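In case you want the letters, here they are:
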Amino acid sequence: MCGIVGYVAGADTSGAKDIIINGLRRLEYRGYDSSGIALYKDGKFETRKSVGGLENLEKLVDDPEFDSYMGIGHTRWATHGVPSNANAHPHSNEDETVTIIHNGIIENYLELREMLAEKHGVKFKSETDSEVIAHLIGVNYEGDFLQAVHKTVDMMRGAYALVTVCAHEPDKIIGVRKDAPMIAGIGKGCNFIASDIPALLEHSKEVLIVENNETIIVTKDDIQILGADRKPVTREPLHITWDVDAAEKGGYDHFMLKEIHEQPEGIKDTLMKRLKDDDTINLDGIEMTKEDIEGFNKVYIVACGTAYHAGLVGKAAIEKMARIPVEVDVASEFRYRDPFVDDKTLFIAISQSGETLDTLAALREAKNKGARILSVVNVVGSSVARESDDVVYTWAGPEIAVASTKAYTTQLVCMYLIALFMGKVKGSIDDKYYKEIIAELKTIPGKVSEILNREGIIKDAAERFFNKNDIFFIGRGPDSGVSLEGSLKLKEISYINSFAIAAGELKHGTIALMDEKTLVIALDTQDFLFEKMLSNIKEVKARDAYVIALAKDGHTDIEREADEVIYIPECRDELTPLLSVVPLQIFAYYVAKCRGCNIDKPKNLAKSVTVE
Ligand code: G6P
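As the structure is a computational prediction, the values presented were derived from the model and not from experiment. (Residues numbered from 1 in each chain as written. Predicted model: local features only at pLDDT ≥ 70, side-chain atom pairs only at ≥ 80, totals over all residues. Heavy atoms only, no water.)

S.K.: Honestly, the overall build of the protein chain in this entry has me stumped. Any pointers?
M.R.: Counting its secondary structure elements, the protein chain contains 19 helices and 25 strands. Here the protein chain has a C-alpha radius of gyration of 26 Å; the compact-globule value for 612 residues is 25 Å, and the two agree. Relative to its 612 residues, the protein chain shows a buried fraction of 61%. Within the protein chain, contacts between residues at least 6 apart in sequence are counted, and of these 71% link residues at least 24 apart. By element, 48% of the accessible surface of the protein chain is carried by carbon and sulfur atoms, the whole surface being about 23400 Å². (Helix = DSSP H or I, 4+ residues; strand = E, 2+ residues; numbered from the N terminus. Rg over C-alpha atoms; globule rule 2.2 N^0.38 Å. Buried < 20%, exposed > 50% of the residue type's maximum accessible area, 1.4 Å probe, protein only. Contact = heavy atoms within 4.5 Å. Areas by Shrake-Rupley, 256 points an atom, 1.4 Å probe, with all protein chains shown as cover.)

S.K.: Any chance you could explain the state of the cysteines here in plain terms?
M.R.: A covalent bond bridging the sulfur atoms of two cysteines is what the word disulfide describes. The full count for this structure, using the stated rule, is zero disulfides. Counting only cysteine sulfurs, cysteine 414 is the nearest neighbor of cysteine 2, a cysteine outside any disulfide, at a range of 18 Å. Looking at cysteine 414, it has no disulfide partner, and the nearest cysteine sulfur is the one in cysteine 571, 17 Å off. (Disulfide = S-S within 2.5 Å.)

S.K.: Would you explain the nonpolar core in this entry?
M.R.: Where a protein is soluble and globular, its nonpolar side chains tend to be buried together. Within the largest apolar cluster, 92 residues are counted, with the highest numbers of intra-cluster contacts made by Ile318, Ile348, Ile418, Met422 and Phe587. Counting contributing residues per domain, this core is built from domain 2 (249-452) and domain 3 (455-594), each supplying no fewer than three. The contact partners of isoleucine 418, leaving out residues within four places of it in the chain, are Leu283, Ile318, Ile348, Leu374, Val376 and Val392. (Core = buried A, V, L, I, M, F, W, Y, C linked by side-chain atoms within 4.5 Å. Domains from an automatic or database assignment.)

S.K.: What is the right way to read helix α12 (residues 357-368) from this model?
M.R.: An ideal rise of 1.5 Å per residue puts 16 Å on twelve residues; α12 measures up with 16 Å between its terminal C-alpha atoms. For α12, the set of buried residues is Asp358, Thr359, Leu360, Ala361, Ala362, Leu363 and Ala366. Positive backbone phi, at 100°, marks glycine 370, one or two positions downstream of α12. (Expected span 1.5 Å × (residues − 1).)

S.K.: Can you help me understand the packing of helix α15 (residues 431-453) against helix α19 (residues 577-594) in this one?
M.R.: Geometrically, a packed helix pair is captured by the angle between its two axes and the distance between the axes. Between α15 and α19, the shortest axis-to-axis distance is 9 Å and the interhelical angle comes to 20°. Between α15 and α19, the crossing angle belongs to the class labelled roughly parallel. The handedness of the crossing between α15 and α19 is right-handed. Facing α15, whose interface residues are Leu441, Ile444, Lys447, Val448, Ile451 and Leu452, α19 presents Leu578, Leu579, Val582, Pro583 and Ile586. (Axes fitted to C-alpha atoms, helices over the stretch in contact; angles between N-to-C directions. Parallel < 35°, antiparallel > 145°, perpendicular 65-115°, else oblique. Left-handed = near helix turned anticlockwise from the far one by under 90°.)

S.K.: So what exactly am I meant to see when it comes to the pairing of strand β17 (residues 326-330) here?
M.R.: Where a strand is regular, its side chains alternate between the two sheet faces. In this structure, strand β16 (residues 298-303) lies alongside β17, joined through five bridges in parallel fashion. Directly across from alanine 303, in β17, lies its bridge partner valine 330. (Pairing = 2+ DSSP bridges.)

S.K.: What am I meant to see in the pattern of salt bridges here?
M.R.: Two side chains with opposite charge may pair up if their charged atoms get near one another. Applying the stated rule across the entire model yields 47 salt bridges. Close ionic contact of arginine 560 with glutamate 561 constitutes a salt bridge, the shortest N to O distance being 3.7 Å. The buried category is assigned to glutamate 561, whose relative accessible area is 16%. (Salt bridge = Lys/Arg side-chain N within 4 Å of Asp/Glu carboxyl O.)

S.K.: Help me understand the sheet that holds β16, please; the structure alone is not making it clear to me.
M.R.: Across a sheet, strands are paired by hydrogen bonds formed along the backbone, either parallel or antiparallel in direction. Ordered by their spatial adjacency, five strands build an open sheet running β17-β16-β18-β19-β20, and the pairing between neighbours is parallel. The sheet is open, and its two borders are formed by β17 and β20 (390-393), each paired with just one other strand. Strand-to-strand twist in this sheet, taken as the mean axis angle between neighbours without regard to direction, amounts to 20°. The strands touched by α12 within the sheet are β16, β18 (345-351) and β19 (372-377), with β18 carrying the most contacts at an inclination of about 165°.

S.K.: Looking at this model, I keep getting lost on the sheet that holds strand β3 (residues 44-51). Mind explaining?
M.R.: Here we have eight strands laid out as an open sheet, ordered β3-β2-β4-β1-β10-β9-β11-β15, and antiparallel in their pairing. Each edge of the open sheet carries a strand with a single partner, namely β3 and β15 (238-239). For strand β1 (residues 3-9) and strand β10 (residues 190-194), the ladder comprises five bridges, and the chain directions are antiparallel. What sits directly across from alanine 9, in β10, is cysteine 190. Against the sheet, helix α1 (residues 16-25) engages β1, β2 (34-41), β4 (70-76) and β10, with an angle of about 25° to β4.

This is the structure:
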């Protein structure tokens, strides 16, 4: 998510400012909303930070006096607290002896914040979860920086790449990693710490990967790694042969493939950080009582593109679990059709960017008519988020490829959580069902990884069919919504004419298009619709179409009807969209690759559409 760069050289040198800012620039591609730098000067760390692009920070530090031999810098992608100067990193404790930068989320930050305020009288300057870390290290400091850091991380729950410096020991940078990337780079007379390889590639090709729960102590001559047991670990550096372009993509050929592979992590973050120890859902502090929920006579889910497809899955989940009628609409239609919205309506906007103009306009329309506005958004502090009553963030991290992948699956997780939360509060689902769904949701990241392990099978199919002119997607129930998303992925990046249709509707027209040149991708993942879909597969086979089916492991009966089958792990019917979309994303990716398309930036498309 955010970018981290730390640098330390000999105390008689300078130039840390440019090295750190250039390193941050190398991480710009990931997206960020603010940045900051702290340099050691005259016995203390001096911090400067700014919202907006790095050019704003550069203006702030355009002062030859402001430089050093060591320091840390950060680009922030907001999670807790809007993008602002105050919320930008670095953060310091009150006497400014400890300064930190942090990627990730501290789950128990509210508790820690209260404790720091009550017991130590701490006054916070930002709304971030990260600021608590600086104060905690400060209060835990008893003459040994490393000990204070360890005492602090032992009090923290969550995910973090934490990098910190201390005015009492200005020769070192300490980093601790848990579920967020961190590396160190070996320089000549200097050393580096960073969240990602591109940040230091200009200066170092020898990189040490920091593993989970490890601590790293970086000085100008040495990089020491301590294991989870805090005992020294020896590690051979990796020699990096990537150029900057490959490094930005983490070694993948495209951001889209990287983002497809980030889904297990994204799904896990979005889910697990909202589940308390007893499996109750903490929906980001949203207050929605039984009376509130019973008071809604209708839910509208409004979005565009991929987010709209996530809405279709959300509709099924909310109707099943919260037993409220749900309408899903594309934002550009909703806003012009004088919809039935009043103060008994719950309006849910879904948007990765939070800036899509049609979605925003629809939201405003619903707000004017008195609806309660809940949004599911990836970009913190975006317009949709700001104008909503309640926000559930997807925590997918920056999505760079135009074709959305990890934003979609994390949007689905949020929709399931909203449906479960509403159903539980309203009492429309029983405890047994609730627990079963939560237990199944927890298995999803592992199952997505399993599908990613089967990537070769899907790639092979893509390599055989990339020359097709028409590809149809069919499915029933939840599979029908996922078909739309699979088809959209394919047309967005491969420019193949593709069409998705509810399988039962085929016979009312579309089947006329089927012949021996047609490829049909048939999703058949729903146990209760399995036989019905087999009949639909037979229908298109009878018109000589070639069928690739998608089914759950063990449902081998399908091999009798389909020409070939791609299997996904076993899963409850309600949750299969989280799995079945993944092979379709991979298929679209490899088809586009075989066709030599510009995968991350398809022609005529934009990541964020801020025009009508
Ligand atoms: C554009 C993007 C799509 C996205 C849609 C909605 O068309 O190319 O990938 O699904 O906008 O964007 P949003 O940011 O509102 O989710």
